[in-house]
Amino acid sequence: MSAHDKPDIRRHMERLTTEGVDVVRVTYPDLIGTDRARDVLVDHLPAACEHGLAFCRAVYHTTPQGDVVPVPGGLDAGLPDVTVRPDLSTLTALPWEPGVATCLGEVTDPATGAPAPESPRDLLRTVLAHCAEQGLGPIVGPELEYFLLERTAAGWRRHPETTGAVYTAGLRADPSNHLLRTLRHLRDLGIGVITGNHEFDGGQYEINLTHSDALDAADRSFRFKAAVKELARRDGLLATFMAKPFGDAGGSGFHLHLSCDDAEGRNAFDDPAGAHGLSAVARHAIAGIVAHAPALAALLNPTVNSYKRFGPDTLAPWLIDWGLDNRSAMVRIPPERGAGARLELRLGDASANPYLAIAATLAAALLGIRAGEEPPPPLEGYGYDTARSALLPTDLSAALDALEADTDLAGLLGKDFTTSYLTYKRNEVERFQRHVTDWEFTEYAYHL
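Here the structure is a predicted model, which means the values were calculated and not measured.

The rules behind each value
Residues numbered from 1 in each chain as written. Predicted model: local features only at pLDDT ≥ 70, side-chain atom pairs only at ≥ 80, totals over all residues. Heavy atoms only, no water. UniProt positions renumbered as here; feature names shortened; annotations may be inferred. Helix = DSSP H or I, 4+ residues; strand = E, 2+ residues; numbered from the N terminus. 1 Å grid on protein atoms, 1.4 Å probe; cavity = no way out; pocket = protein on both sides within 12 Å on 5 of 7 lines; lining within 4 Å. Points joined across faces, edges and corners; volume = space filled by probe spheres on them. Nonpolar A, V, L, I, M, F, W, Y, C, P; charged D, E, K, R; others polar. Pairing = 2+ DSSP bridges. Axes fitted to C-alpha atoms, helices over the stretch in contact; angles between N-to-C directions. Expected span 1.5 Å × (residues − 1). Buried < 20%, exposed > 50% of the residue type's maximum accessible area, 1.4 Å probe, protein only. Arc of directions from axis to C-beta. Contact = heavy atoms within 4.5 Å. Salt bridge = Lys/Arg side-chain N within 4 Å of Asp/Glu carboxyl O. Phe/Tyr/Trp six-rings, centres within 6.5 Å; stacked < 30°, edge-to-face > 60°. Lys NZ or Arg CZ within 6 Å of the ring centre and 35° of its normal. Parallel < 35°, antiparallel > 145°, perpendicular 65-115°, else oblique. Left-handed = near helix turned anticlockwise from the far one by under 90°.

### Concerning the UniProt feature "domain: GS catalytic" (unreviewed entry) in the chain
Consideration 1: Sites flagged by UniProt as "domain: GS catalytic" (unreviewed entry) map to residues 120–448.
Consideration 2: The straight-line gap between the two end C-alpha atoms of residues 120–448 is 47 Å; of that span, 39% is helix and 18% is strand.

And the structure:
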């Protein structure tokens, strides 16, 4: 830490003390986008900034059930550390937890001082550096859905189970006013929430975030998911961003609206004289996303459960296509042009790590821009016709194979990251394949 940094830290400490804050929660995303954290007393903030906080690197390789996957650099290396330093530029008070502020953490390898290979935030930075070389500044608008659940003697159920209250607000579908409380807390957290509503299924909600530069959008999406889950816990409920938690309901999506600013700050996707009012850059980006869609699925649909969200008539992508203001297409081009020209990738589900989802989408778009190819003709009418478009991977294993085979996309994401991710996720597939499900017992036990 330089002498210049110390007065800056002291200013932060004085402000926090004045605001009655005595603890700073330093958080960072693991490989699957779950928040990992440590609470630091304000008096010890200078030491945390100078020396960092030590975490075991294998936290990146730890499953939701607490098992460590044998990813290179973890168990085989003796479980070494990574160092996490507070990023004080992201420091903000937690509106629902008096005396506590939170900030993101910067993760490095203490042996080299370089970013940790699995750090999702740094992977996105690497992809953004490639975009900058192309003279492009990506702008992203995230849309996330989730289910709110309550525990019963029989397990978890939707809270509430109201049906038919599609795209509504108020007590009709939200009798406990969860959405209003959550919106106000998130507003005070300063992460750029703008609107919210009850979604298609009972207990399902959507909250929209503002458009901003890609790293900021990923930061805000990560903090949004962590905050929604924490606020639900305070009410004795469970907020889940699982792709499809119920067989009799639709899934939860993570749609990404993407545009790019050029060097002069203009929307590089807009061209009134171009085909469909889109610039060559926009059309090439669409072509890249379409071309690399099978590999993208591994990062935007990252769980075994993700692929149960897909299928005909689900309003979730099933085929590799794009269309003009067509919600049955994988890539939708909203009708706005000018400053609002953009594409909407509807592939991702809510379980995706925001940093990885955005990084992979940008990498695919950038590959398309570099290749300079045009996309296929846009989808006409209602989609889900396998005679017109290729099928996306139908399970996680196939998507992981597609990512490994897509050497161009994997090359942009980096060999070390791709190796870690594939190892971690293939272990997930193997564990699921060994697990006996309730469906199997119900189907077979009595009759066979």
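Let us keep going from here.
### A short note on empty space enclosed by the protein
Consideration 1: Counted by the stated rule, this structure contains 1 cavity of 30 Å³ or more.
Consideration 2: In this structure, the largest cavity occupies an estimated 60 Å³ of space.
Consideration 3: If you tally residues by element for the lining of the largest cavity, the top one is helix α8 (residues 354–371), at 4 residues.
Consideration 4: The residue inventory of the lining of the largest cavity, partitioned by class, reads 11 nonpolar, no polar and no charged.

### As for the sheet that holds strand β3 (residues 53–56)
Consideration 1: Read from one edge of the open sheet, 5 strands run β2-β1-β5-β4-β3, paired in mixed fashion. The strands lining the two open edges of the sheet, one partner per strand, are β2 (35–41) and β3. In this sheet, neighbouring strand axes are inclined to one another by 40° on average, regardless of whether the strands run parallel or antiparallel.
Consideration 2: In this sheet, strand β4 (residues 81–93) lies alongside β3 in antiparallel orientation, the contact comprising 4 bridges. Bridging across to β4, Ala54 finds its partner in Thr83.

### Brief notes about helix α4 (residues 178–189)
Consideration 1: Along its 12 residues, α4 runs 16 Å from first to last C-alpha, staying within 8% of the 16 Å computed at 1.5 Å per residue.
Consideration 2: Of the residues making up α4, those classed as buried are His178, Leu179, Thr182, Leu183, Leu186 and Leu189. Down the axis, α4 shows its buried residues gathered within 120° of arc, on one side only.
Consideration 3: Among the structural elements, β4, β6 (137–152), β8 (193–198), β9 (204–209) and α5 (214–234) are those in contact with the buried residues of α4.
Consideration 4: Note on α4: the residue one or two positions beyond its end, Gly190, has a positive phi of about 80°.

### Some points on the pattern of salt bridges
Consideration 1: In total, this model carries 28 salt bridges according to the counting rule given.
Consideration 2: Across the pair Asp262 and Arg266 runs a salt bridge whose closest N-O atoms are separated by 3.5 Å.
Consideration 3: Among the ionic contacts, a cluster of salt bridges with common partners joins Asp87, Glu106, Arg121, Asp122, Arg125 and Asp219.

### Points about the packing of aromatic side chains
Consideration 1: Under the criterion given, the structure shown has 11 aromatic pairs.
Consideration 2: With a centroid separation of 5.9 Å and 55° between ring planes, the pair formed by Phe222 and Tyr355 is classed as tilted. Here Tyr355 lies in helix α8 and Phe222 lies in helix α5, a separation of 133 residues in the sequence. For the pair formed by Phe222 and Tyr355, the shared burial category is buried.
Consideration 3: What links up through ring pairs into an aromatic cluster is the set Tyr146, Tyr205, Phe224 and Phe241.
Consideration 4: We note Arg38 situated over the ring of Phe55; from NZ or CZ to the ring centre the distance is 4.2 Å.
Consideration 5: For Arg158, the ring lying beneath its charged end belongs to Phe246, and the centroid distance is 4.3 Å.

### Some thoughts on the packing of helix α3 (residues 120–133) against α8
Between two packed helices, the angle of one axis relative to the other and the distance separating the axes together describe the packing.
Consideration 1: Relative orientation of the contacting elements α3 and α8 amounts to 20°, with a least axis distance of 9 Å. In terms of orientation, α3 lies roughly parallel with respect to α8. Crossing hand, α3 versus α8: left-handed. Residues Pro120, Arg121, Leu123, Leu124, Val127, Leu128, His130, Cys131 and Glu133 of α3 form the contact with α8, whose participating residues are Tyr355, Leu356, Ile358, Ala359, Leu362, Ala363, Leu366 and Arg370.
Consideration 2: For the contact of α3 with α8, the residue count by class is 13 nonpolar, 1 polar and 3 charged.

### Description of the layout of surface pockets
Consideration 1: Its boundaries defined by the atoms lining it, the largest pocket holds a volume of some 1,700 Å³.
Consideration 2: Pro64, Gln65, Met242, Thr303 and Asn305 are, among the 47 residues lining the largest pocket, the residues nearest its centre.
Consideration 3: Listing elements by their share of the lining of the largest pocket, those giving two or more residues are β2, α5, β11 (238–240) and α11 (415–434).
Consideration 4: Per element, the largest residue contribution to the lining of the largest pocket is 6 residues, and it comes from α11.
Consideration 5: Its residues placed into classes, the lining of the largest pocket shows 23 nonpolar, 13 polar and 11 charged.
Consideration 6: By volume, the second largest pocket is sized at about 680 Å³.
Consideration 7: Mapped by element, the contributors of at least two residues to the lining of the second largest pocket are β6, β9 and β12 (254–261).
Consideration 8: The element contributing the most residues to the lining of the second largest pocket is β9, with 3 residues.

### Details of the side chain of Ser119
Consideration 1: Within the fold, Ser119 resides in the loop between β5 (100–108) and α3.
Consideration 2: Setting aside residues up to four positions removed in sequence, Ser119 forms contacts with Tyr60 and Val107.

### Here's the deal with the packing of α5 against α8
Consideration 1: Packing of α5 against α8 leaves a shortest axis separation of 8 Å and a crossing angle of 150°. Considering their axes alone, α5 and α8 lie roughly antiparallel with respect to each other. Considering the relative orientation of α5 and α8, their crossing is right-handed. For the pair α5 and α8, contact is made by Ala214, Leu215, Ala217, Ala218, Asp219, Ser221, Phe222 and Lys225 and by Pro354, Tyr355, Ile358 and Leu362, respectively.
Consideration 2: Of the residues in the contact of α5 with α8, the class split is 9 nonpolar, 1 polar and 2 charged.

### A short note on unusual backbone geometry
What you tend to see is this: most non-glycine residues have negative phi, and most peptide bonds are trans.
Consideration 1: Cis rather than trans, the peptide bond between His159 and Pro160 has omega equal to -5°.
Consideration 2: The phi torsion at Tyr167 lies on the positive side, around 55°, for a residue other than glycine.
Consideration 3: Relative to the helices and strands, Tyr167 is located in the loop between β7 (155–158) and α4.
Consideration 4: Unlike most non-glycine residues, Tyr384 shows phi in positive territory, near 70°.
Consideration 5: On the secondary structure map, Tyr384 appears in the loop between α8 and β17 (390–391).
Consideration 6: Residue Tyr384 is classed as buried on the basis of its relative accessible area, which comes to 10%.

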